[in-house]
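Residue-level listing of the chains:
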Amino acid sequence: MAKSETPLLDELEKGEWPSFVKDLKQAAAKKPMAKDLMRQLELSYKDKIGHWKHGGIVGVKGYGGGVIGRYSDRPDLFPGVEHFHTMRVNHPTGWFYTTDALRKVCDIWDQYGSGLTNMHGSTGDIILLGTKTEFLQPCFDALSDAGFDLGGSGSALRTPSACVGPARCEWACIDSLDICYNLTMHFQDQLHRPMFPYKFKIKTSACANDCVASIARSDFSIIGTWKGKIEINQKEVQAYAASGINIREEVVDLCPTHCMAWDEGKKELKIADEDCTRCMHCINMMPKALKQGKEKGATLLIGGKAPILQGAQLSTVIVPFMKLEPPYTELKELIAKILDWWDENGKMRERVGELINRLGMRTFLRGVGLKPVPQMVKSPRTNPYVFFWPEDIKKEGK
Amino acid sequence: MAKTDIGPPSYKNFLPPVIQKNYGKWSYHEIVKPGVLKHVGESGDELYSVRAGSPRLISTDHIREICEIADKFCNGYLRFTSRHNIEFLLSDKTKVDPLLAELKSKQYPVGGTGHSVTNIVHTQGWVHCHTPATDASGPVKAVMDELHQYFTSMTLPSQVRIALACCLNMCGAVHCSDIAILGIHRTIPKVDHNRVPNVCEIPTTVASCPTGAIRPDPKNKSVTINEDKCMYCGNCYTVCPALPLADGENDGISIWVGGKVSNARSAPMFSKLAIPFLPNNPPRWPETVAAVKKIVETYAKHARKHERVGEWIERVGWERFFRLTGIEFTDKHIDDFTMAPSTYRTTTQFKWG
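All of the points below concern the structure found in this document. (Residues numbered from 1 in each chain as written. Chains lettered and ligands numbered in written order. Predicted model: local features only at pLDDT ≥ 70, side-chain atom pairs only at ≥ 80, totals over all residues. Heavy atoms only, no water.)

**Some points on the overall build of chain A**
The test is simple: Helix numbering and strand numbering both begin at the N terminus, where a helix is a DSSP run of H or I of at least 4 residues and a strand a DSSP run of E of at least 2. Each residue's exposure class comes from its accessible area (1.4 Å probe, protein chains only) as a fraction of the maximum for that residue type: buried when under 20%, exposed when over 50%, partly exposed otherwise. A contact between two residues is defined here by any heavy atoms of the two lying within 4.5 Å. Charge assignment in this entry is limited to Lys and Arg as positive and Asp and Glu as negative, and neither His nor the chain termini are counted. In plain terms, the charge of a residue is placed at NZ if it is Lys, CZ if Arg, CG if Asp and CD if Glu.
Within chain A, the regular secondary structure consists of 14 helices and 16 strands. Principal-axis analysis of the C-alpha atoms gives chain A an extent of 75 × 75 × 40 Å. A total of 398 residues make up chain A; the buried ones form 59% of that total. Taking the contacts inside chain A whose residues are at least 6 apart along the sequence as the reference set, 64% of them involve residues at least 24 apart. When the 53 basic and 49 acidic side-chain charges of chain A are each reduced to a single mean position, those positions are 3 Å apart.

Here's what the structure looks like:
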């Protein structure tokens, strides 16, 4: 038997978890570029560094993004990956597919690319991993004919994503899928043609469990919530208690606001709704017994991001409650105002959250026309370095 | 010419009939067993979702195999989760067990629901990134091989979300994970003075540095990097390709713990540094695998039911976390970036460990 060219990677075919090396080998059996990808990766495993050169501008006609240029730094050894560009394809919202649609994407990628994918990339796109420059345009044309489009890259709106929402979740306070799809279609120009200071991400979670990590990973977070009382079905609470949940220890005692009480004798749950901060824990524990309040909407937050540059930030509240119903005019107008303000004031490679830190939240709020409310802060400031607006100050002689 | 700006295909075309009928009208759900969710609509209709693990980096052959399974059991409907799992969607309860049998025979792990370790969100690593400090798919595979029994069961105090990013850019946004595996560089970029004038814009390069470590070097039409100020983020390399910082001997992995995204009980939290450096040791990263496993098992032993890793550590204190895990506490754990004092202890209340 011939000696393996990839002894280090072969080690990763062992073990219980599905192996990406198996997939690399499947693709390598058909495509020289996938084979060279695998051989180059083996070299990386040997010398412990990556072998990709920095970017390079490649793309398809009419767009400024959606393709990530990538070139091997050892084309002498691995000619198949001399260029090996990634195409980001905007995933169907909620990552729902029919097998027909998925097979179409496979057919196209088998024809024009490496046959390797990520299902999915970190932002949510279908990642078609690696092809040559000359195949980019025909591949895009075929994708477009099949009803697919590219996602965002560079200093643009990145592909918005959403949790599974009302398609399969009783906790959905908003139609996360429709909101995400609607915003994606509305902001197509901003998605395909980078014109911002830096990237901008929008993620929509239909409840505070935040299954798409919107508060951590998006510049503009839309998170479903409600007003009004949690509806309690006492019989179902009792059924959960009978099924083995310790209502006091596992539900009441873990409530962060201590707004619940459990009467062990009467088997009755009480909630002081005015103290509830809608964290979802009790509802997560007993979905059959507890239903969110009737008035549904979303909390809007801004500025979430990973560390580059000034450090990681979580999104912070800017609109405590907005009703969200199609065509989402108020939401779209707010996003447009934020984009304009950021575009006008932001430095190159400055995320909106960092711009707000630099210029101050009050400047941002005034810039986009939002009224300050206590829900925006954990506490008022503790330092006395307060700025006043010119109109706050009495002028001499007046 | 192909049409542009058509956007993604509408998700509405890809929803199975049971979802179309019950859209927005789900009543409750249960986890029938690890990896099997049952959602019940107000109509009484049932939807079963069977969740299976995937390596994320998958071939078109693999996708076609997934399609065959979905055709056979789910009338061709499926979805993927935000953590790279595959979900087979069925309305016919009698097909759940045959589907599970088929998945078992094809070696798909089924699980990732409830109090489990679900799939590791991760990045490209050496497979396709230009700034990685480690690989992504390899460490993920090695860690999941070791933890797969926590994927296929629900025995942990709460869910444990693990994520890996191969550098500080954090495409994997690992900064709010129960356990984060983060590739780090530890040496400054090597300035290629011959290439900088041709491929880099000096003001942009200088401005890209968060700590002001980069200065123009007009004599060479290049830049200099202040070794004392650079913290190896690689942001300059992203704007200036003549500043590579990969270093096979010194790049490696750091481990972070206690982050969360959900608002349930406690507010979302950042992950905090547990282990500053572990070597890159391909192909199976034994030091990283052992460290992650030790943290998961210490948490499993000591946390109360429903406590996420971060909630457990906040309750018992970091001093106890370090004692229980046996991880050494060093000066690297004490923040010295811009908001550092906010993490210093400003009370005499602490534990002895």
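**A word on the environment of Asp47 of chain A**
Residues and elements named next belong to chain A. Filter applied, for reference: What qualifies as a polar contact is a pair of N or O atoms within 3.5 Å, subject to a donor-acceptor requirement within protein and to the restriction that residues adjacent in sequence count only when both atoms come from side chains.
Residue placement: Asp47 occurs in helix α3 (residues 32-47). Given a relative accessible area of 30%, Asp47 falls into the partly exposed group. Sequence-wise, Asp47 and Gln313 are 266 residues apart; in three dimensions their C-alpha atoms are separated by 34 Å. Side-chain polar atoms of Asp47 contact the side chain of His51, separated by 2.9 Å.

**Quick look at the sheet that holds strand β4 (residues 85-89) of chain A**
Stated formally: The criterion for strand pairing is that DSSP finds at least two bridges linking the strands in question. Throughout, an axis means a line fitted to C-alpha atoms (over the contacting stretch in the case of helices), and angles, computed between N-to-C directions, take values from 0 to 180 degrees.
On the basis of which strands lie adjacent, the open sheet formed by 5 strands has the order β2(A)-β4(A)-β7(A)-β6(A)-β4(B) and antiparallel pairing. Of all the strands in the sheet, the pair left with one neighbour each is β2 (67-68) of chain A together with β4 (57-59) of chain B. Summarising the sheet, strand β6 (residues 116-119) of chain A and strand β7 (residues 126-131) of chain A pair through 3 bridges and their orientation is antiparallel. Directly across from Met119 of chain A, in β7 of chain A, lies its bridge partner Ile126 of chain A. Strand contacts of helix α2 (residues 60-74) of chain B: β6 of chain A together with β4 of chain B, with the helix running at about 80° to β4 of chain B, the strand carrying the most contacts.

**Things to note about the sheet that holds strand β6 (residues 86-90) of chain B**
If you walk across this open sheet you meet the 6 strands as β5(A)-β5(B)-β6(B)-β3(B)-β2(B)-β1(B), and the pairing is antiparallel. With one partner strand each, in any of the chains shown, β5 (96-98) of chain A together with β1 (26-33) of chain B form the two edges of the open sheet. The mean angle between the axes of side-by-side strands here comes to 25°, regardless of whether they run parallel or antiparallel. α2 of chain B contacts β5 (77-80) and β6 of chain B of the sheet and is inclined by roughly 20° relative to β6 of chain B.

**What to know about the state of the cysteines**
Put simply, the rule is: A pair of sulfur atoms, both from cysteines and within 2.5 Å, is called a disulfide here.
Throughout the structure, instances matching the rule amount to 1 disulfide over all chains. Free of any disulfide, Cys106 of chain A has its nearest neighbouring cysteine sulfur in Cys67 of chain B, separated by 5.9 Å. Its sulfur unpaired, Cys207 of chain A is 5.9 Å from the next cysteine sulfur, which belongs to Cys169 of chain A. Taking relative accessible area as the criterion, Cys207 of chain A reaches 8% and is therefore assigned buried.

**A look at the interface of chain B and chain A**
Here is the rule: The term buried area refers to how much accessible surface (probe radius 1.4 Å) is lost by two components on association, counted for both of them together. Salt bridges are defined as contacts in which a side-chain nitrogen from Lys or Arg sits within 4 Å of a carboxyl oxygen from Asp or Glu. Three classes are used, and their members are as follows: Ala, Val, Leu, Ile, Met, Phe, Trp, Tyr, Cys and Pro are nonpolar, Asp, Glu, Lys and Arg are charged, and the others, Gly among them, are polar.
The partner chain A presents 112 residues to the 111 residues of chain B that form the contact. In total, chain B and chain A occlude about 9,900 Å² of area from one another, counting both sides; carbon and sulfur atoms represent 61% of this. On the chain B side of the interface with chain A, the three residues burying the most area are Tyr11, Trp126 and His128 of chain B, jointly 8% of the side's total. In this structure, the connection of chain B to chain A is made through 8 salt bridges. Ionic pairing is found between Arg64 of chain B and Asp110 of chain A, a salt bridge with its closest N-O pair at 2.6 Å. In this assembly, chain B and chain A are joined by 62 residue pairs in polar contact (both at pLDDT 80 or more). Looking at the side of chain B that touches chain A element by element, the count peaks at 9 residues for α2 of chain B. Residue composition of the side of chain B that touches chain A, by class: 51 nonpolar, 41 polar and 19 charged.

**With respect to the pairing of strand β9 (residues 202-205) of chain A**
Residue and element names in this part refer to chain A. Burial along β9 is two-sided: Ile202 and Thr204 facing one way and Lys203 and Ser205 facing the other are all buried. As judged from the 2 bridges shared by strand β8 (residues 161-162) and β9, these two strands associate in the parallel manner. Pairing of Ser161 across the sheet is with Lys203, part of β9. Pairing analysis gives 4 bridges linking β9 to strand β10 (residues 220-227), with the strands arranged parallel. Residue Ile202 lies in a different strand from β10, and its bridge partner there is Phe220.

**Structural notes on the packing of aromatic side chains**
Worth spelling out the cut-off: Two rings from Phe, Tyr or Trp (for Trp, the six-membered ring) form a pair when their centres sit within 6.5 Å of each other. Planes less than 30 degrees apart are called stacked, planes more than 60 degrees apart edge-to-face, and all others tilted.
Enumeration according to the criterion identifies 21 aromatic pairs over all chains in this entry. Measuring from ring centre to ring centre gives 6.4 Å for Tyr97 of chain A and Phe14 of chain B, while their planes differ by 20°; the resulting arrangement is stacked. Of this pair, Tyr97 of chain A sits in strand β5 while Phe14 of chain B sits in the segment before α1 (17-22), on two different chains. The residues Tyr97 of chain A and Phe14 of chain B share a single accessibility class, namely buried. Ring geometry for Trp341 of chain A versus Phe364 of chain A: centroids 5.1 Å apart, planes at 75°, classification edge-to-face. Here Phe364 of chain A lies in helix α14 (residues 361-368) and Trp341 of chain A lies in helix α12 (residues 329-345), a separation of 23 residues in the sequence. Neither residue differs from the other here; Trp341 of chain A and Phe364 of chain A are each classed as buried.

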